[in-house]
Amino acid sequence: MDESFHELEAELKSLQPRAPSAHLMRGIADELPSAPATAPRARLRYTTSTNLRSWKWLGWRAAGLAAAAAVIATAGLMTLKRIKAPVAGALVTQVVANNPPPSETSSLRDDYQPVAATNVLYDLKDEGLVKTGDNSDARRVRYRYLDTYTWKSPKNNASLKWSVPRDEIRLVSATLN
Amino acid sequence: MEAAHANDTWQHWFEAYGPKLLFCARQWTRSLADAEDIVQEAFVRYWRHQRQLPGDPQALIITSIRRAAIDHARRETRRSVREEKADGGLEERDSIFVPQPGDDAERRGEIEAALQQLPLEQREVLVLKIWNELTFEQIAETLAIPPNTAASRYRYALTALRKALKPVCHG
């Protein structure tokens, strides 16, 4: 820009526009009574991490738990199929008692092997500044994932897939020190 | 715009940026009351529905204000024509700037008058650049014009202002 304009620009910038009226502030307050009191901020861009606390590692750890849950659920289904046999209720109870789930679970665990676990980050939201335990400032960032785990049976090539949404909240230090 | 992030409520944010938004809206409306209505409409819409959009919040709200002003102007066209016939087309003349301690009230008034004389296309660029501190790229996006055009209009506006104010500056 032309340097000869600097003086004029500085003079213009020194003029302060009038403040909004109390009526305007009241009008906005009336319309935003329950809105979260957080200042607008630019949205964070996608970031990822390579350290051991990264979501990638959390995902694999969670995969073990998910696998166990899936096996137990499958065992339950198999058991239900068995008790559908045309027998009296008392006999059903006996059948169940004679075939305890652990052996079935063990069998299924041998059949299905975990083959894949994926994490898809589908939303990232900066929820603003918070105070941590040591009274320092941190930004609370919510990551929203869809975790998907897959198991496969080498015997018959059947596969089992389980997807679950997961929220992860990270506190990122807001200071440079 | 980073300074806004230090504030933690919409009230604090609006106290800091409300005057600039209102001044901006005033360029596109016939009265201060209309400008306040439009700022309220745009700000509430932004706060409720658009806060998570990427980008500079101030630029987003200004874009929203401009669209609301255009819509409002369309709605009010017939009424405005009637008012122009009735009152000779005079716009409401309210003070734009706040008096500062030690400033020259006469000079401030002359600047306000000179601003009013600028063509709208130049004045809106000047207001967005000087008082809302947007870049030419952001101004271009807001007004849907090329950045070079925004820069040219800004230069024309300053030239016109300097010409209008020159006798006072050196007189």
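Since the model is a prediction, treat every value here as computed from it, not as a measurement.

Caption draft 1: Layout of the nonpolar core. Of all hydrophobic cores here, the largest spans 47 residues; its most connected members are Leu21(B), Ala25(B), Val39(B) and Ile65(B). Elements that contribute at least two residues to this core include exactly helix H2 (22–31) of chain A together with helix H1 (10–26), helix H2 (32–50), helix H3 (57–87), helix H4 (105–117), helix H5 (120–130), helix H6 (136–143) and helix H7 (147–170) of chain B. A per-element tally of this core places H1(B) first, with 9 residues. Both domain 1 (1–94) and domain 2 (100–166) of chain B contribute no fewer than three residues apiece to this core. Contacts of Leu21(B), omitting those with residues within four sequence positions, involve Val39(B), Ile61(B), Ile62(B) and Ile65(B). Counting 7 residues, the second largest nonpolar core, distinct from the first, contains Ala63(A), Ala66(A), Val71(A) and Tyr149(A).

Caption draft 2: Representation of the packing of H1(B) against H2(B) within the structure. Residue and element names in this part refer to chain B. With their axes 10 Å apart at the nearest point, H1 and H2 run at an angle of 130 degrees to one another. The orientation of H1 with respect to H2, classified from their angle, is oblique. The handedness of the crossing between H1 and H2 comes out as right-handed. Within the contact between the two elements, H1 uses Trp10, Phe14, Leu21, Leu22, Ala25 and Arg26 and H2 uses Leu32, Ala35, Glu36, Ile38, Val39, Phe43 and Trp47. Looking at the contact of H1 with H2 residue by residue, the class counts come to 11 nonpolar, no polar and 2 charged.

Caption draft 3: Main features of the sheet that holds strand E4 (residues 159–173) of chain A. Residues and elements named next belong to chain A. The sheet built from 3 strands is open, its strands ordered E2-E3-E4 with antiparallel pairing. Each of the sheet's edge strands pairs with one partner strand only, and the pair in question is strand E2 (113–131) and E4. On average, each strand axis in the sheet is inclined to that of its neighbour by 15 degrees, with strand direction left out of account. Bridge count between E2 and strand E3 (residues 137–152): 15 bridges; the pairing is antiparallel. Looking at E3, one finds that Thr118 is bridged to Thr148.

Caption draft 4: Inspection of the interface of chain B and chain A at higher detail. In this assembly, 40 residues from chain B lie in contact with 28 residues from chain A. Every element with two or more residues in the side of chain B that touches chain A is listed here: H1, H2, strand E1 (97–98), H4 and H7 of chain B. With 8 residues, the single largest contributor to the side of chain B that touches chain A is H1(B). For the side of chain B that touches chain A, the residue count by class is 22 nonpolar, 9 polar and 9 charged. Bridging between strand E1 (residues 16–17) of chain A and E1(B) involves 2 bridges; their strand directions are antiparallel. The residue of E1(B) that forms the bridge with Pro17(A) is Phe97(B).

Caption draft 5: The packing of H5(B) against H6(B), seen in detail. Residue and element names in this part refer to chain B. Packing of H5 against H6 leaves a shortest axis separation of 10 Å and a crossing angle of 135 degrees. When the axis of H5 is compared with that of H6, the two are oblique. Two packed elements cross with a definite hand, and for H5 against H6 that hand is right-handed. Contacts between H5 and H6 involve Glu124, Val125, Leu128 and Lys129 from the first element and Ile139, Thr142 and Leu143 from the second. The class makeup of the residues in the contact of H5 with H6 is 4 nonpolar, 1 polar and 2 charged.

Caption draft 6: A look at the environment of Glu76(B). Residue and element names in this part refer to chain B. The residue Glu76 is located in helix H3 in this model. Under the C-beta neighbour-count criterion, Glu76 is labelled partly exposed, with 15 such atoms within 10 Å. The spacing of Glu76 and Arg30 is 46 residues in sequence and 9.9 Å in space, taken between C-alpha atoms.

Conventions used here
- Residues numbered from 1 in each chain as written.
- Chains lettered and ligands numbered in written order.
- Predicted model: local features only at pLDDT ≥ 70, side-chain atom pairs only at ≥ 80, totals over all residues.
- Core = buried A, V, L, I, M, F, W, Y, C linked by C-beta atoms within 7 Å.
- Buried ≥ 20, exposed ≤ 12 C-beta atoms within 10 Å, placed from the backbone.
- Helix = DSSP H or I, 4+ residues; strand = E, 2+ residues; numbered from the N terminus.
- Domains from an automatic or database assignment.
- Contact = placed C-beta atoms within 7 Å.
- Axes fitted to C-alpha atoms, helices over the stretch in contact; angles between N-to-C directions.
- Parallel < 35°, antiparallel > 145°, perpendicular 65-115°, else oblique.
- Left-handed = near helix turned anticlockwise from the far one by under 90°.
- Nonpolar A, V, L, I, M, F, W, Y, C, P; charged D, E, K, R; others polar.
- Pairing = 2+ DSSP bridges.

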